[in-house]
Amino acid sequence: MAAAAAAAPGPGPAEAPAAAPELKSRFRTREGSYRLLGPATAAAAAASSAAGPVPAGAAPPGPGALPPVRLSVVRLARSRSPPGASAERSRVCCNLGRELHFYGGAGSGGRGCRRVLDLQRPIDRRVYKGTQPTCHDFNQFTAGSETLALLVGFSAGQVQYLDLAKKDSAGRLFNEERLIDKSKVTLVKWLPDTERLFLASHASGHLYLYDSEQPCGATSPQYTLVTQGEGFRVFSCKSKTPRNPLLKWAVGSGPLNEFAFSPDGRSLACVSQDGVLRVFHFSSMLLQGMMRSYFGGLLCVCWSPDGRYVVTGGEDDLVTVWSFAEGRVVARGHGHKSWVNAVAFDPFTTPAQPPEDGDGQGGDSAEDPPSVTYRFGSAGQDTQFCLWDLTEDVLDPRPPPPRAPPPPVSMAGGLPRSLSRSNSLPQPGGGPQISPRVPPVLSAGRFATLTLRDPRAPPEKEHKRYHSLGNISRGGGGAEKPPPGGGSGGSRGSLDMAKVLGTALCPRLHEVPLLEPLVCKKIAQERLTVLLFLEDCIVTACQEGLICTWARPGVSGLSSQNGGSPSGTVV
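Each value, and the rule that gives it
Along every chain, residues carry numbers that run from 1 in the direction the sequence is written. Selection of residues for local features in this predicted model requires a pLDDT of at least 70, selection of side-chain atom pairs for listing and counting requires 80 or more, and totals for whole chains, interfaces and linings are taken over all residues. Side-chain numbers come from the whole structure's heavy atoms, not from hydrogens or water. Under the scheme used here, helices are H or I runs from DSSP no shorter than 4 residues and strands are E runs no shorter than 2 residues, and both carry numbers assigned from the N terminus. The buried label applies to any residue whose accessible area, calculated with a 1.4 Å probe on protein chains only, is under 20% of its type's maximum; exposed applies above 50%, and partly exposed to all values in between. Residues count as neighbours in contact if any of their non-hydrogen atoms are within 4.5 Å of one another. Throughout, the Shrake-Rupley method with a 1.4 Å probe supplies accessible areas, and for residues the shown protein chains are the sole cover considered. Here the rule is simple: two strands pair whenever DSSP picks up at least two bridges between them. Think of each axis as a best-fit line through the C-alpha atoms, taken over the contacting stretch in the case of a helix, with angles from 0 to 180 degrees between the N-to-C directions. Nitrogen and oxygen atoms within 3.5 Å of one another constitute a polar contact, given that in protein one can donate a hydrogen and the other can accept it, and given that sequence-neighbouring residues count only through two side-chain atoms. The method works on a 1 Å grid over the protein atoms by themselves. A cavity is a set of points holding a 1.4 Å probe that cannot get out, a pocket is an open set with protein on both sides within 12 Å along at least five of seven lines, and residues with an atom within 4 Å of a point line them. Grid points are joined across faces, edges and corners, and a volume is the space filled by probe spheres set on the points. Residue classes follow a fixed rule: Ala, Val, Leu, Ile, Met, Phe, Trp, Tyr, Cys and Pro count as nonpolar, while Asp, Glu, Lys and Arg count as charged, and any other residue, Gly among them, counts as polar. By definition here, a salt bridge exists when the distance from a side-chain nitrogen of Lys or Arg to a carboxyl oxygen of Asp or Glu is within 4 Å.

(A) Main features of the overall build of the chain. Scanning the chain from terminus to terminus reveals five helices and 33 strands. For the chain, with 571 residues in total, the buried portion stands at 49%. Sequence-distant contacts, at least 24 apart, represent 58% of the contacts inside the chain between residues at least 6 apart. Total accessible area on the chain is roughly 28,000 Å²; 52% of this is exposed by carbon and sulfur atoms.

Here it is, written out as C-alpha cells:
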C-alpha cells in the first residue's frame, strides 16, 4: 500500500515522508480480517495525462479541479457469456479527467483462489476533447455477450450511449446541442429492469427521463406541467412526435447531487444541495417522504437491501439513517471529519446471531449483545473509510422494564422533608406529566407540521453559525450547538432550518441515537469518491485515481496473478 500511495502525487506543498499519515492495509470485523489486495502496477502516464495538456508556465491542475472519480461494475451472466469466457465475467469503467478506462473482470483464478477484479491491464480507453466524463452506468438488465450498454454523462451536459460489445461503435449522443440542459450531468442511471429508459440528473436541479431509442429534436423542448408538490414539479415534453426528454423533474433548489432506486424499483430517493432527501413513488410521481440534513447539502444516498431504510451522507459530516416505512430519522452516525461522499449497504454480510446458551438455545439475557441487522459503509473527503452496524436496539428500541414501586411512605404529619421541595411530584389539578427524556409529539401525521413547536418551550434565539461537528457527544442535549440556518431560499421549496429543526424532518442530535463506526480507517491520501460492496471484495477509489480492492475474510488473494505488485492501481 505504501508503494502505491507514494506513486500518487498529493495536493499542496511537498512534505517530509515521515509526516505522511500511515495508510491502513488491513482491518478486522466480527467476520474476520479484510486485507488490501494489489491487482496492478501504477499507470502513472494515464493519471498524468487525464487532465489534458498543461499550458506553458501554468501550474498543473490539482485533483480538486477534476470531476469526482467514479466506478461502474457490471457482472455478466454466465449464460450470456460466450464459451470459454469464464475468465471475463465483469466489466469495469472508471473516469479520470478527460478519459474513460475499461477493465475486464475476472473469473476463477485456480483451485481455492478467486480473482476479484482484474484492474492490471485496461482493455480499452477513450479520450474526450472539450468536455470531461462525470458519471457512467452499465445496463445490468441487458448486459451480455451481444450487448453491453453504457451511459456516460459529461460536464457540458451531454449524455452518451455506448455499446461496448460492438466494435467501432460511435454510440449516440443526447442533449448534443445542449438545448435540454447546459449544466453538468451529476448522475446517469438506467431504470431497473428496462432496456431503453434512463434518468440523468443535472447541476441545475433537474432530472430528465430519456428513451435511448428516441431523438432529442432540433429545437429546445417545450413543457407542460403534469403534477407538483412540496419542493418539486414534473413536466412532460410537448411534441407531435415522440422525442426526448419524456419527462422533466424540477427537484428542490440547487444541484441534484445523486439519486437511487429502491430494490423493487418503485421508489426513487433524491438528495440535493439544499440538504433535503425526497423519496418519490416513481410511476405516480407522488412524494412519499422527506428528510432534512443537519447542515449543508446532501451528497449521496443508498437503500437497504430490503428497501426499508435509506442512508444519506453529506456536508454535515454525518451519515443519517431514515426509515422509509415510518418516515423518520432512526439514527445518525458520526465518524467522519469532513464531507461524506459515498454510502452503500453491504448485502453480503449476514446478520450476527446472538450467542447460544449452554443448552444450545439462543440467549435472551440482558448481557447478550444486540444482533446486527444491517451493515453499511461510508467514504469521505477526510480519506476515511467507515463501516457501520445497525442493530435491533437502534431500529426497534424497547422501553426499559418498569421499576418496582417504592415502599409506601407514611403521609402522617405532611410530606417527608426530603420530598417537600421536589419539582417532580404531580401537582393538584395539573395535566399529565411528560418525561423530560421523551420529546412531545408534534404531529399525528407522518411529518410534523413545519410551523409547530412546543408551546412550553422558550422562544428560540437566533442560531449561531457553527461549521464543524467535531465536538458532537452522545449525550448532553443542553450543550448542543444549533446548525446554521440552512435554507437555500429557492423557489422550489427548500426547508428553512429554523422551522424544521427539532421536528421529524430534522431531529436534534440528542433526539436520535448517535452511532459510532465499527471501523474507521484512513486508506488514501486524496478524498474518497467510490465505495462498492461486491460478493468477494470491497472496492474503494479516491480522487487521484487509486482504486483498491479489499478481500473479504476467507477469500483467497491475488498474489498468484500479480507477482506481489503494489496494493492498488492508478488509472
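(B) Molecular detail of the sheet that holds strand β11 (residues 185-190). Read across the open sheet, the six strands follow the order β11-β12-β13-β16-β15-β14; overall the sheet is antiparallel. The sheet terminates laterally at β11 and β14 (222-229), the two strands that pair on one side only. This sheet shows a mean twist of 20° between the axes of neighbouring strands, independent of strand direction. As paired elements, strand β15 (residues 232-238) and strand β16 (residues 247-251) share five bridges and run antiparallel to each other. Residue pairing in the sheet places F232 in a bridge with V251 of β16.

(C) Representation of the environment of E511 in the model. Structurally, E511 is set in the loop between α4 (497-500) and β28 (514-515). Classification of E511 as partly exposed rests on a relative accessible area of 29%. Sequence spacing of E511 and V330 is 181 residues, and the spatial spacing of their C-alpha atoms is 9.4 Å. A distance of 2.9 Å separates a polar side-chain atom of E511 from the backbone nitrogen of R508.

(D) Looking closely at the layout of surface pockets. Here the second largest pocket is characterised by a volume of approximately 1,500 Å³. Among the residues forming the lining of the second largest pocket, the class breakdown is 30 nonpolar, eight polar and seven charged.

(E) Representation of the sheet that holds strand β10 (residues 172-174). The antiparallel open sheet is built from four strands, whose spatial order is β7-β8-β9-β10. Of all strands in the sheet, those bounded by a partner on one side alone are β7 (133-138) and β10. In this sheet, adjacent strand axes meet at a mean angle of 20° when their direction is disregarded. Inspection of the sheet shows strand β9 (residues 159-163) paired to β10 by three bridges, in the antiparallel sense. The residue of β10 that forms the bridge with Y161 is R172.

(F) Focus on the side chain of N341. By the element assignment, N341 lies in strand β25 (residues 340-345). A relative accessible area of 13% places N341 in the buried class. Within the structure, the side chain of N341 is placed 2.9 Å from the backbone oxygen of L528, a separation counted as a polar contact. With residues near it in sequence (within four places) discarded, N341 still touches L299, C300, A379, G380, Q381, R527, L528 and T529.

(G) Summary view of the environment of L66. For L66, the location among the structural elements is in the loop between α2 (44-49) and β3 (71-75). Along the primary structure L66 and Q132 are separated by 66 residues, whereas in three dimensions their C-alpha atoms are 8.2 Å apart.

(H) Structural context of the pattern of salt bridges. By the definition in use, this model includes 13 salt bridges. As a salt-bridge pair, E213 and R172 come within 3.6 Å of each other at their nearest N and O atoms. In this pair, E213 sits in the loop between β13 (206-211) and β14 while R172 sits in strand β10, placing the two residues 41 residues apart along the sequence. The exposure class of E213 is partly exposed, given its relative accessible area of 47%. With a closest N to O distance of 3.2 Å, D274 and R278 form a salt bridge. Comparing D274 with R278, the two get one shared label, buried. When salt bridges with common partners are traced through the structure, they connect R30, E31, R375 and D389 into a single cluster.

(I) Geometry of unusual backbone geometry. Omega for the peptide link from N244 to P245 comes to -5°, which places this bond in the cis form. Positive phi is not limited to glycine here, since M285 has a value of about 60°. Here M285 shows up in the loop between β19 (276-281) and β20 (286-292). On the basis of relative accessibility, which here comes to 13%, the residue M285 falls in the buried class.

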